[in-house]
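Understanding the architecture of this molecule
The primary structure of each chain is shown beneath.
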Amino acid sequence: MSTHENISQRGQVMEDVTESIIHDNLWIKILFGMIFGIVAGLLLSPYGGAIITADPSAAGQIAEWIALPGKLFLGLIQMVVIPLVICSIILGINSSRNLEFVKNISIALLPYFLATTALAVSIGIFLVQWIRPGDGFSEEFVTNMLNSGAATDTLPDYNLTDLTIPQRLLNLLPTNIAQAELDRNMLQIVVASALAGVALLSLPERSAEPLIKLSVSVQMLTMKIIGWAMHIAPYAVFSLLCDILIRTGFDALGSIGLYFITVLAGLACVMVMYMLIAVILGKRSLFGFLGGIREAQLIAFSTSSSGATMPVSISVAEEHLRVKPSVSRFVVPLGATINMDGTALYQAVAALFLCQVFGIELGTPEILLLLITTIGASIGTPATPGVGIVVLATILSGIGVPPEGIALILGVDRLLDMCRTTVNVTGDLTACVVMDRFVS
Ligand code: ASP
């Protein structure tokens, strides 16, 4: 059997597997999970209803138990996501067995990603400079906030090494693949998989076939496990949201509500931009597109992880949006890693908000530099919960804002992370429908 037949023959089997990921009315069940999770979280939170206990540490223990199904769900997905990314990219590149296709899609996709991210950051910069949510904070308030419990040691553990730009570029290539996997460095894994995919494409069929067959099996195996995980998705969503809200409540919103609203307004504008792109460039009906992607959006909102949402995004792209697998399996893993418009917008707004709070005035050249830095930073932000704010710390030191300023915005970061991840995932699916139309 030729390699091409081999890939297309697995189409049906693969379709069955992706179908089992999004079963009937899954989105309604997830939506209920979300609503119950938010309500229960607010009732149980010491900063909300406090119906069981008003003691934050006791409430934290309850939250830990409630989070169990959610953590299990994430654990199952994280367990298989690296082999899934590797195989999806290799097969995405090889499904057409056509080097021309890979060239065309890369030439179209990378500028598209850069352009949408630049637009998202510009929207954020415009809004934050217009609304000016950071003006009018008294010095006393800032000092109190910095000394309050919102210490930066609650940030996710993510190591940021200060590298120069040439070092960063060199760092894209994993010299040690096992290390890249251990570090869960998705960007390096994507680069290595893309290289392996292109190399495989240039091999004679006979030599390429065994590895392609192996990739097909591994990809199906990972999707099967994800299909099992999806059975507990509604409970997982309930438990993850309940856990977050028990720990944060809505109290944190108080003084920095305007900042929160500015980020949300920016994210909403980016959503509108995606809808226009999907309708105008992707030639999709608005409701067909929005209805098609809702499972992925709900999972992104509840897990705050584009990485964990990736398998669902691939499934909805193929099942609901009818995007060619060669496109979805290339665009989604790559997009989840480097295309984070929601995160980029958030980082720009947060940086300028803190400049306003600390009375630092940036001129046009500095703002342009911020735009470029944010685009780069969002590309390097891993697709996991809460890391956007850690990467923000490097942007802040670059523009002279004390990184401790992060303590000011930490309280609402979890809620904003859910929203920006939803935007990140929507961006990848929008890219899928556009590329599906233009690249053949
Ligand atoms: N949670 C985001 C994502 O996975 C990244 C971030 O902004 O923290 O897309």
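Residues numbered from 1 in each chain as written. Predicted model: local features only at pLDDT ≥ 70, side-chain atom pairs only at ≥ 80, totals over all residues. Heavy atoms only, no water.

**Quick word on the site of the ligand**
Around the ligand sit 15 residues, and of these Ser306, Thr343, Gly388, Asp417 and Arg420 come closest. Measuring from an oxygen atom of the ligand, one finds a backbone N or O atom of Ala383 at 3.4 Å. Between the ligand and Thr421 there is a distance of 3.1 Å, counted from a nitrogen atom to a side-chain nitrogen or oxygen. Computed on the free molecule, the ligand has an accessible area of 270 Å², of which 100% lies beneath the protein chains in the complex. Sort the elements by how many residues they give to the shell around the ligand and helix H20 (residues 413-438) lands first, with four residues. Its residues assigned to classes, the shell around the ligand shows four nonpolar, nine polar and two charged. (Near = heavy atom within 4 Å. Polar contact = N/O pair within 3.5 Å; in protein donor to acceptor, adjacent residues only side chain to side chain. Areas by Shrake-Rupley, 256 points an atom, 1.4 Å probe, with all protein chains shown as cover. Helix = DSSP H or I, 4+ residues; strand = E, 2+ residues; numbered from the N terminus. Nonpolar A, V, L, I, M, F, W, Y, C, P; charged D, E, K, R; others polar.)

**Remarks on empty space enclosed by the protein**
With the rule as written, the count across this model stands at two cavities of 30 Å³ or more. What lines the largest cavity is a set of 15 residues, among which Thr343, Thr384, Asp417, Thr421 and Asn424 lie closest to the centre. Among the residues forming the lining of the largest cavity, the class breakdown is four nonpolar, nine polar and two charged. As a volume, the second largest cavity reaches approximately 50 Å³. Lining the second largest cavity we find Gln129, Arg132, Leu352, Cys355, Gln356, Ile360, Glu361 and Leu362. (1 Å grid on protein atoms, 1.4 Å probe; cavity = no way out; pocket = protein on both sides within 12 Å on 5 of 7 lines; lining within 4 Å. Points joined across faces, edges and corners; volume = space filled by probe spheres on them.)

**Section: the packing of aromatic side chains**
Applying the stated criterion to the full structure yields four aromatic pairs. Ring geometry for Phe126 and Trp130: centres 6.0 Å apart, planes at 20°, overall stacked. On the criterion of helical spacing, the pair formed by Phe126 and Trp130 is a turn pair, its members being four residues apart in helix H5 (residues 99-131). Exposure remark for Phe126: the relative accessible area of 55% places this residue in the exposed category. One residue, Arg420, lies across the ring of Tyr346, its end atom 4.0 Å from the ring centre. (Phe/Tyr/Trp six-rings, centres within 6.5 Å; stacked < 30°, edge-to-face > 60°. Buried < 20%, exposed > 50% of the residue type's maximum accessible area, 1.4 Å probe, protein only. Lys NZ or Arg CZ within 6 Å of the ring centre and 35° of its normal.)

**Focus: the pattern of salt bridges**
For the structure shown, the criterion picks out nine salt bridges. Note that Arg329 is salt-bridged to Glu318, the shortest N-O span being 2.5 Å. Taken together, the residues Arg329 in helix H15 (residues 325-338) and Glu318 in helix H14 (residues 306-319) connect sequence positions eleven residues apart. The residues Arg329 and Glu318 share a single accessibility class, namely buried. Note that Arg414 and Asp417 form a salt bridge whose closest N and O atoms lie 4.0 Å from each other. Separated by three residues within a single helix, Arg414 and Asp417 lie in helix H20, roughly one turn from each other. Take Asp417: its relative accessible area is 3%, and that puts it in the buried class. Through salt bridges that share partners, Asp413, Arg414, Asp417 and Arg420 make up one connected network. (Salt bridge = Lys/Arg side-chain N within 4 Å of Asp/Glu carboxyl O.)

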